[in-house]
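# Inside the fold
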Amino acid sequence: MTIDELKQKYPKSNSVVLLHQEIFEISMKKDQPIVERFAKTQIAFINDKGIGQTKDHVLYDPTFQNLKDVSACTWVYKEGKYVKKPVTQYHDRKYVEGESFYDSHMVREFVYSDVGYGSVTEKEYTHEFLDAHFLGSFDFGYGMPAEMIDLIIRVEDGIELDYKTFGNFSAIQFEKTTKGKTTEYHWTNRSVAEIKDQDYVMDEGSYTPHLYPYIKTYPSKNGPVEYFGSLDALYKHNFTYIKNLNHDYSDALKSVVDSIKAKNTTDSTLVKGIMNWVQDNIHYIAFEDGLGGLIPRDCNLVIDRKFGDCKDMANLLKNMLEYGGIKAYLCWIGTRDRNYTYTELPLPYCDNHMIAAVKFNDEYTFLDATGRYQPFGFPTMFIQGKETLISLSEDKYDIVEVPVVSSSRNTVTDDFTITMSGKDLVLNGNVVMSGFARSTHAERFMDAGPQNEKDLMRQILQRGSNKCELDSYHYKNLQNKDSAMVVDYQLTIHDYVRQVDDEVYVNLNFDKHIRDLKPDDEVRTVGCDYLFAYEDYIDSRFTIPDGYQVKYLPENFTLTSPYYSMDISYQEINGMVQMKKTWKFFDIHIPLEGVDILKKHMDEIALYQRKTIVLKKK
């Protein structure tokens, strides 16, 4: 297909993937499976926006893969034919993007030359896998259209391959063939539309068709050896990372636990005391350091240097608790950006996080100290509703779903009075935040630092319009995780009141954040994810100015859904107009069938919130 034909086929795109192909070769060597992956990508630039130089890279982790045979070039169209311009310079560096403090991944970077209209970039590379457990995933869609996406896996006789698919595979062709001692699995997706981001989705894989290949068994002289494919096999694999952990406690660890235990005489208060100590004293730093990204570090090391990643903090919690006489467990869990259960994906890619747990009265309490500001008994927001794999012993485990925190435990109550001063409104009130609503703002405050505190408070308290000025504020319980955070404030909203002849118009719906919950996308294939369920309560009282009387109050408003509800009421009482608003958001996920209704309701709420009270001179 010519460039002009591609431009006609994809008129809204700047570039098109002509081919992305990966070929896996899986065979046996020295009684173990070995894997090589060859990859090739060609991208055509179909308008002038691609003119200039284009950077590209290949990512690899030396702990798990050798990168070899990298080559790249630009095919430049000149005088009716393509001329190859090879890349001659490559640069390897540490991969430091993302949230990780240290990452063992490496990047081989390079720059294509002469990239412009009609040119095609091409890169080829080979990965040699050092551990065949980690074959990764393969996506059949990208953020640009693709002519052909191709996956081939060739397996030597005796090796049993399996795979897990996710998303819509109806357009993907699949063929399995056997030639001699090799079985080939071949998937092809052609004329693939651009995969567009969808609002409020934590796991982009939920709308991108993708596949996880894995070796199920491989041959040995004693018969087939199970590699992956069952929960038992996954747990056996995971347990290898924790079975040799040190359980000898340092004097420093003993001293900390003894001091906490002296102040907490019951098991439940001791667990809370240890959890709070780790939250307050061990700083979370993400590591992706090869096997160090999988194996927890020694608890004594972590308590000495006062920082660690999720695995380190979980292991420290477990050891501190067990030294204190309380049985505790290490748990693997996938965050909400990995939308799998352990039954769906019994592979290491199902989880990417570790926590600890204790069990009282046959119920688990989950302990995730990476959430430094969350109240005791709360999971972190990003593991709510996810399954966790709990290590009970070398041979036993449990699968339990972490509960979603009820909306009634995450509340914001805003109580304020309103007085009119010319065209300005002055608000005096206090806002009380609990649960995740509290911890979210507390984290923002602590990260911002004193120098940015007022600006952040202004963002949190802003009402009505961008002419809102924060006059004063005072907060309490910022660092007390188990108490509600209270903020007393005074705001002035300038030029907010509208006056026409002898009438005054005031909109008392200052808080418009609810409208931000509406997804804004053309194509929707999955539901919406939200950080946490919550409840907002507003009680506002507008003082009617001397010489005026109420001419009009908006009618009351009620909206109900299985996922949320809203009630707004107005009444005139004791020389004031009182407006009460209650907004309840019951869950962290709205399924696809509820999204269109959500959009409709958000429009209804936005239309209603434009309504004003009307005052008239007496």
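Since this is a predicted model, take the numbers as computed values, not measurements. Residues take numbers from 1 onward in each chain, read along the sequence in its written order. Predicted model: local features are reported for residues with pLDDT of at least 70 only, side-chain atom pairs are reported and counted for 80 or more only, and whole-chain, interface and lining totals are derived from all residues. For the side-chain quantities, the full set of heavy atoms in the structure was used; hydrogens and water were omitted.

### Examining the pairing of strand β11 (residues 146-156)
Here the term buried applies to any residue with accessible area under 20% of the maximum for its type, exposed to any over 50%, and partly exposed to those in between, with areas from a 1.4 Å probe on protein chains only. Helix and strand definitions follow DSSP, with helices as H or I runs of at least four residues and strands as E runs of at least two, each counted in order from the N terminus. Of all eleven residues making up β11, eight are buried, and the element is well covered by its neighbours. A pair of strands counts as paired when DSSP detects no fewer than two bridges linking them. In this structure, strand β1 (residues 15-29) lies alongside β11, joined through eight bridges in parallel fashion. Bridge assignment links Phe 24 to a residue of β11, and that residue is Ile 153. Across ten bridges, the pairing between β11 and strand β14 (residues 182-192) is antiparallel.

### As for the sheet that holds strand β36 (residues 576-585)
On the basis of which strands lie adjacent, the open sheet formed by eight strands has the order β27-β28-β26-β25-β32-β36-β35-β34 and mixed pairing. Here the strands that pair on one side only, and so sit at the sheet edges, are β27 (468-476) and β34 (557-560). Here the strands of the sheet are splayed against their neighbours by 15 degrees on average, with no regard to which way each runs. By definition, residues are in contact when any of their heavy atoms lie within 4.5 Å. Axis lines are fitted through C-alpha atoms, for helices just across the contact stretch, and the angle between N-to-C directions can take any value from 0 to 180 degrees. Where helix α7 (residues 435-448) meets the sheet, it contacts β25 (411-421), β26 (424-433), β27 and β28 (485-493), and its direction lies at approximately 110 degrees from that of β26. Against the sheet, helix α8 (residues 453-461) makes contact with β26, β27 and β28, and its axis sits at roughly 105 degrees relative to β27, the strand it touches most.

### Looking at the nonpolar core
We define a nonpolar core as any set of buried Ala, Val, Leu, Ile, Met, Phe, Trp, Tyr and Cys residues linked to one another through side-chain atoms lying within 4.5 Å. Of all hydrophobic cores here, the largest spans 61 residues; its most connected members are Leu 425, Leu 427, Val 506, Leu 508, Phe 510, Phe 542 and Trp 583. Excluding residues that lie within four positions of it along the chain, Leu 425 makes contacts with Ile 418, Thr 419, Met 420, Leu 491, Thr 492, Ile 493, Tyr 496, Val 497, Val 506, Phe 510 and Phe 542. Of all hydrophobic cores here, the second largest spans 39 residues; its members include Val 17, Tyr 185, Val 192 and Tyr 227.

### Notes on the domain arrangement of the chain
Domain extents, as shown, originate in an automatic or database domain assignment. For the chain, the assigned domains read domain 1 (3-227), domain 2 (251-403) and domain 3 (408-617). Distance between the C-alpha centres of domain 2 and domain 3: 36 Å. Taken together, the contacts link 15 residues of domain 2 with 17 residues of domain 3. Defined in terms of a 1.4 Å probe, buried area is the accessible area two parts forfeit on being brought together, summed over both. Interface area for domain 2 against domain 3, summed over the two sides, is near 1400 Å², with a carbon-plus-sulfur share of 60%. Interface area lost by domain 2 to domain 3 is led by Tyr 373, Phe 378 and Met 381, which between them contribute 52%. Measuring nitrogen to oxygen at the nearest pair gives 2.7 Å for the salt bridge that ties Asp 280 to Lys 481. N or O atoms closer than or at 3.5 Å make up a polar contact, with two conditions inside protein: a donor-capable atom paired with an acceptor-capable one, and, for residues adjacent in sequence, both atoms drawn from side chains. Joining domain 2 to domain 3, the criterion identifies six residue pairs in polar contact (both at pLDDT 80 or more). A class-by-class count of the residues in the side of domain 2 that touches domain 3 yields six nonpolar, five polar and four charged. Salt bridge, as used here: a side-chain nitrogen of Lys or Arg that lies within 4 Å of a carboxyl oxygen of Asp or Glu. By the convention adopted, Pro, Cys, Tyr, Trp, Phe, Met, Ile, Leu, Val and Ala count as nonpolar, Lys, Arg, Asp and Glu as charged, and the other residues, Gly among them, as polar.

### Considerations on the environment of Lys 181
Structurally, Lys 181 can be placed in the loop between β13 (173-179) and β14. For Lys 181, a relative accessible area of 66% translates into the label exposed. Taking C-alpha positions, Lys 181 is 36 Å from Ser 206, a pair spaced 25 residues apart along the chain. With sequence-adjacent residues up to four places away left out, Lys 181 is seen in contact with Val 155, Glu 156 and Asp 157.

### A few points about the pairing of strand β35 (residues 564-573)
Pairing between β34 and β35: four bridges, direction antiparallel. Bridge pairing links Phe 557 to Ile 568 in β35. Connecting β34 to the antiparallel partner β35 that follows it, the hairpin turn spans three residues. Inspection of the sheet shows β35 paired to β36 by ten bridges, in the antiparallel sense. Across the sheet, residue Ser 569 finds its bridge partner in β36, namely Lys 580. Count of turn residues in the β35/β36 antiparallel hairpin: two residues, of which Asn 574 carries a positive phi of about 55 degrees.

### Considering the packing of α7 against α8
Interaxial distance between α7 and α8 falls to 9 Å at its minimum, and their mutual angle equals 155 degrees. The pairing of α7 with α8 is recorded here as roughly antiparallel in orientation. Between α7 and α8 the crossing geometry is right-handed. Counting all contacts with α7, which are made through His 441, Arg 444, Phe 445 and Ala 448, the residues of α8 involved are Glu 453, Leu 456, Met 457, Gln 459 and Ile 460. For the contact of α7 with α8, the residue count by class is five nonpolar, two polar and two charged. Our angle categories are set so that under 35 degrees counts as roughly parallel, over 145 as roughly antiparallel, 65 to 115 as roughly perpendicular, and the remainder as oblique. In this scheme the handedness of a crossing depends on how the near helix is turned from the far one: anticlockwise by less than a right angle means left-handed, clockwise means right-handed.

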